[in-house]
Amino acid sequence: MEIYKTASQLRSALESGEVSSEEWVKQLIQRIESLDGEINSHLGLDKESALGQAKAADQRRANGESLGALDGIPISLKNNMAIKGQKLTCGSHILENFESPYDATVVEKLKAAGAVIFGRLNMDEFAMGSSNETSYFGTTRNPWNLERTPGGSSGGSAAAVAAGFCPVSLGSDTGGSIRQPASFCGVYGLKPTYGRISRYGLVAFASSLDQIGPLAREVDDLADVLTAVSGLDPKDSSSYPETVTGGSSELNGEVKPVIGVPKEFFEYPMDEEVLSSVKAAIAYYEKQGCEVREISLPNSHLSVSAYYVIATAEASSNLARFDGIRYTHRSKDAKDLMEVYFKSRGEGFGEEVKRRIILGTFALSSGYHDAYYLKAQKVRTLIREDFSKNFEDGVDLILTPTAPTTAFKIDESIQDPLTMYLNDIFTIPANLAGLPGLSVPCGASSENLPIGFQLIAPHFKEMSLLQAAKLYENGNEAHLVRPPLGN
Amino acid sequence: MSDYEAVIGLEVHVQLKTKSKMFTDAPYYYGAEPNTLTNPVVLGMPGTLPVLNKEAIEKTIQVGLMLGCKIPEVSKWDRKHYFYPDMPKNYQISQYDQPLCEGGAVEIEMLSASRNVMGDHREIALTRIHLEEDVGKLTHTGEMSLVDYNRAGAPLIEIVTEPDIFSPDEAFAFLTALRNNLQFAGMSDCDMEKGQMRCDANVSVRPKGSEKLGTKVELKNLNSISGVRNGLEYEIKRQIHEVKAGGIITQETRRWDADQNMTYVMRTKEEAHDYRYFPCPDLMPIRISEEWKSSLGEALPELPFDRQRRYMEDLKLPYTVTSVLCPNRDLCEFFEAALAVHNNAKGIANILVNNLLSELSEASFGDDQKQLSDLPITPEGLAELIKLVDDAVISNQIAKEVFSEMIQTGKTAGVIVDEKGLKQSSDTGELEGICADMIDANPKAVEQFKAGQEKAINAIKGGVMKATQGKANPKLVDKILREMLS
Amino acid sequence: MANTPDFDIDYVAKLARLDLSVEEKAQFEPQLGKIIEYFQQLGDVDTDHVEPTAHANPIYDVLREDEPQAVFEQNVAIANAPASQAGQVVVPKVIE
């Protein structure tokens, strides 16, 4: 039996009776146990719970009460989304023993759709990193090349899908944390519009930028998961009222969007092979009859600065609650209250998290707030307006590389934070503007490392993104290539 | 001391009366077992998000409208950062630069020396009112502190005055008036013992006539309205003494110790906070339309001082009665309902103020505090009673007895009067006999009355009333006695 | 913002209640200095007439009705606490 199935392939197999959800979940557990030792994409997996949910899905199917597209489909989650009764560590020592007493809204929605809540996936500590190297529980390795990082911060989510440990996963994207690892691991990664999917139960990194999204090996799966988990949530004031409807059944790729290619993005240094792959993708769209226009996003060179000021400022606030008092690690050496704070946080957070807390605290502190935080918010407005202008001028989608490089070597750039930050240059603008972005696999380098391109659409136009991706998928095979894992 | 004056500004925190908390749907009430009014949001668990409580926002806008504040078109929430174990997120969601209410004033009354006439009124200017979340409660024991998060997240408004208060008595009057206003409008119970109202003060002194403010000291732990007055009195004396001795006042925070009757330093300016305010990304700003504002305004009751002036002017009620009646909404509503049935404002108000309140306090004990609605008496029942007096069916004295009986038994005044045979006697023949007996029994009073001491007749009258157990019509008795003695 | 401002790592770490080891401080100071220097590009942008963006998609008036819902049992509320006693979270004595 072919185990490397997408969600829609698995659904057909479940419908035809070729396999049951329970058998399938057992097979996946076996695959994880034999192959994930090296990859380290999982922080945990509640087998009993998963098998129980799969059995229940099989029962529903037998009774003719199937809940729809996702019923019985295992979905793994980045471990910054709360699952009741399971560990919620965010890849951090400080939350090592924290068990969530509640479900995130996405978990509630997935359960309601019949999906099997599967693995808890590795990540950069508190989603702060672009390589999964900041996880307290060890770095995740790229299934395509174990010397390489899978990208980050949703590195576990991308690696697990690429390695065939689950057909679909959820990640979170604050500055590219779904799209960049998707590109590094050769899978699709969608960051929906800010507000499309409830953030309730997603441990906040930077609240005004964070967004949950799916990673998968085909476009249809993204549509089905997005349909299941999007929509208004009374527990999240920033969630948007409208649900995505239709799912994969509405996707046919029969579109001819006007594609804007921002000239500034192609002026940044990037790998030759990345550039040529992305150019080939542009050529493909042109050949399909799409109009391709050169456009300008003149403030994009400011996005890394604006982003790191805003994201770290919000993070310094969001992470204040991890203090050794109510539910986190408390230092054994703390003799008084001040030491509980200083030592628990000093011991509990890793280097990158500390660096960002310091940076964000500085950006908000008295005397610097206006020059950094407020200024960055204003620059954010300019970046947002750059996009709006182009969309108003008739551009349907914007196409860029997802990342300037293919997956880099583990330990290669972790010691130079600024270089690491600058690698996010292509993905950050969509977060600042709240726009949906999608990374599409489009080939591999001579070292057999995947490359992806990024599509960005106007607010709430995820279906346009998916249609355009489908158009590409219909005529290309990059998404079908598997990492060399032996089986 | 007379060559210096104090300048005081108050920061008053008031818990709003809502069923659920400010940013989540956990209930809040006083007195629950520790940590039983929490949920993931209250505890600041990772992944949780706040959502605004509409009722709390409406009540805050109403407080602003009551106090003449400007309500802006848009208001938003910000995060205020400091670490403290009673604050689950280590930031408080508060309002920084766009509060719900700006400006406004609270009308106060400085009690006159005699207490029988209305004192001087003036307005204390407000800076702003904003809406935020309360923190949990710490209990200190031995080497550790215990944290209860029940109160965390309760809706709390902070009312900030201008430095517009010039004596501890004014501060006292301000808090009294504010509490009366908020209680009357149902915004808060303002019970300082339960922490529903808390007050910090900023106080400085300066030579009289000086325009420049002195260095201010922040006073904390002022746990009652009297505590505010006492704490300020001490602190002002301390500062004047210090300045007169050639010393300098340092900007610092001091704690009032009511047991020792003194203030002491909690922290100095060097340890001042850097709160790192920024707009809370999890909460959306709100827009306040004219329609929303006016419908909220229409739902507000008349302010206690306005009502008091109306009762004194239109209903001719005395100041002493209105000053008890008007701050109490239950009493006022009861009063007006009874007045609608029987138009005798004085008669109704007197019995409410003089008798009903003492019945209420007698019926209450400890935590079992009785409300007016707990007593088996209706405005119609009270109106009937006063009408019996006005129709000369019973005397005022009997009326008090009947009133007490009504509260004990729940029976109507008419039934009690009938059952107990309390109708006053206007039987001239019978009364003439009793009057004659009393004249015989009080020769000294008779002699004094005849000698021109008018008041001496009261002793004889008292005897008659006593002999008839209060049922004699006092006017008739007076008439008979005067005839017999002339 | 022509000059790189004074970046007082000790003050900021104290505000953030964060213990930094000697090594961390030695490492962070130049790294963060470099990043803050990079941020100076923001200062060169004219934003005099630009409104700040605080929310990615502007939404207003998201309100909830005042209706109380379920709460945690006491033992659930303190289940993850490092120290507790009689239903309350225990911390070293707080000196006010």
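Along each chain, numbering runs from 1 in the same order as the chain's sequence is written. Here every chain gets a letter starting at A, and every ligand a number starting at 1, in the order they are written. In keeping with the model being predicted, local features are shown solely for residues with a pLDDT of at least 70 and side-chain atom pairs are shown and tallied solely at 80 or more, while totals for entire chains, interfaces and linings include all residues. Working from all heavy atoms in the structure, the side-chain values ignore hydrogens and water.

Caption draft 1: Looking closely at the packing of aromatic side chains. Stacked, tilted and edge-to-face are the three classes assigned to paired rings of Phe, Tyr and Trp, where Trp is represented by its six-membered ring and a pair needs centres within 6.5 Å; plane angles under 30 degrees give stacked, over 60 edge-to-face, the rest tilted. In the structure shown here, the tally under the stated rule is 30 aromatic pairs over all chains. Measuring from ring centre to ring centre gives 6.2 Å for B:Tyr234 and B:Trp256, while their planes differ by 50 degrees; the resulting arrangement is tilted. Of the two residues, B:Tyr234 sits in helix α3 (residues 225-244) while B:Trp256 sits in strand β14 (residues 252-257), which places them 22 residues apart along the sequence. When its relative accessible area of 2% is taken as the criterion, B:Trp256 is described as buried. Relative to B:Phe335, the ring of B:Tyr311 has its centre 5.1 Å away and its plane inclined at 55 degrees; by these criteria the two rings are tilted. With B:Tyr311 in helix α5 (residues 304-314) and B:Phe335 in helix α7 (residues 329-341), this residue pair connects regions lying 24 residues apart in the sequence. You'll find B:Tyr311 and B:Phe335 in the same group, each marked buried. Through a chain of ring-to-ring contacts, three or more aromatic side chains come together here, namely A:Phe98, A:Phe126, A:Phe322, A:Tyr327 and A:Phe349. Sitting over a ring, as applied to charges here, requires NZ of Lys or CZ of Arg to be within 6 Å of the ring centre and within 35 degrees of the ring normal. A cation over a ring is seen here: A:Arg217 above A:Tyr4, with NZ or CZ 4.1 Å from the ring centre. Here the guanidinium or amino end of B:Lys80 rests over the ring plane of B:Tyr275, the centre of that ring lying 4.5 Å away. In this description a helix means any DSSP run of H or I spanning at least four residues, a strand means any run of E spanning at least two, and both kinds are numbered starting from the N terminus. Relative accessibility under 20% of the residue-type maximum defines a buried residue, over 50% an exposed one, and the middle range a partly exposed one, all with a 1.4 Å probe and only protein chains included.

Caption draft 2: Spatial organisation of the interface of chain A and chain C. Contacts are assigned to residue pairs with any non-hydrogen atoms lying within 4.5 Å of each other. Each side of the interface is counted separately: chain A has 66 residues, and chain C has 51 residues. Computed with a 1.4 Å rolling probe, the buried area is the accessible surface lost when two parts are put together, summed over both parts. Note on chain A versus chain C: buried area summed over both sides is about 5200 Å², and carbon and sulfur give 67% of it. Basic side-chain nitrogens of Lys or Arg form a salt bridge, by our definition, when they fall within 4 Å of a carboxyl oxygen of Asp or Glu. Seen at the junction of chain A and chain C, the total is 2 salt bridges. One salt bridge connects A:Lys354 with C:Glu24, and the closest N-O pair in it is separated by 2.7 Å. Whenever a nitrogen or oxygen atom comes within 3.5 Å of another N or O atom, the pair is scored as a polar contact, on the condition that within protein one atom can donate a hydrogen and the other can accept it, and that pairs from neighbouring residues in sequence are kept only if both atoms are in side chains. At the surface where chain A touches chain C, the tally comes to 19 residue pairs in polar contact (both at pLDDT 80 or more). Contributions of two or more residues to the side of chain A that touches chain C are made by α9 (303-318), α10 (337-348), α11 (351-364), α12 (370-392) and α13 (417-422) of chain A.

Caption draft 3: Local environment of the interface of chain B and chain C. Facing 52 residues of chain B, the contacting portion of chain C comprises 33 residues. Between B:Lys54 and C:Glu65 there is a salt bridge; the shortest N-O distance is 3.8 Å. Between the two partners, chain B and chain C, sit 23 residue pairs in polar contact (both at pLDDT 80 or more). Among the elements of the structure, β2 (52-53), α1 (54-66), β9 (137-141), β10 (144-148) and β17 (286-287) of chain B are those that each provide at least two residues to the side of chain B that touches chain C. Gly is placed with the polar residues, together with every amino acid not listed as nonpolar (Ala, Val, Leu, Ile, Met, Phe, Trp, Tyr, Cys and Pro) or charged (Asp, Glu, Lys and Arg). Here the residues of the side of chain B that touches chain C are counted per class, giving 29 nonpolar, 12 polar and 11 charged. Two strands form a pair only when DSSP identifies at least two bridges running between them. Two elements, β10(B) and strand β3 (residues 88-92) of chain C, share 4 bridges in a ladder whose sense is antiparallel. In the sheet register, B:Ser145 faces β3(C), and the bridge partner there is C:Val91.

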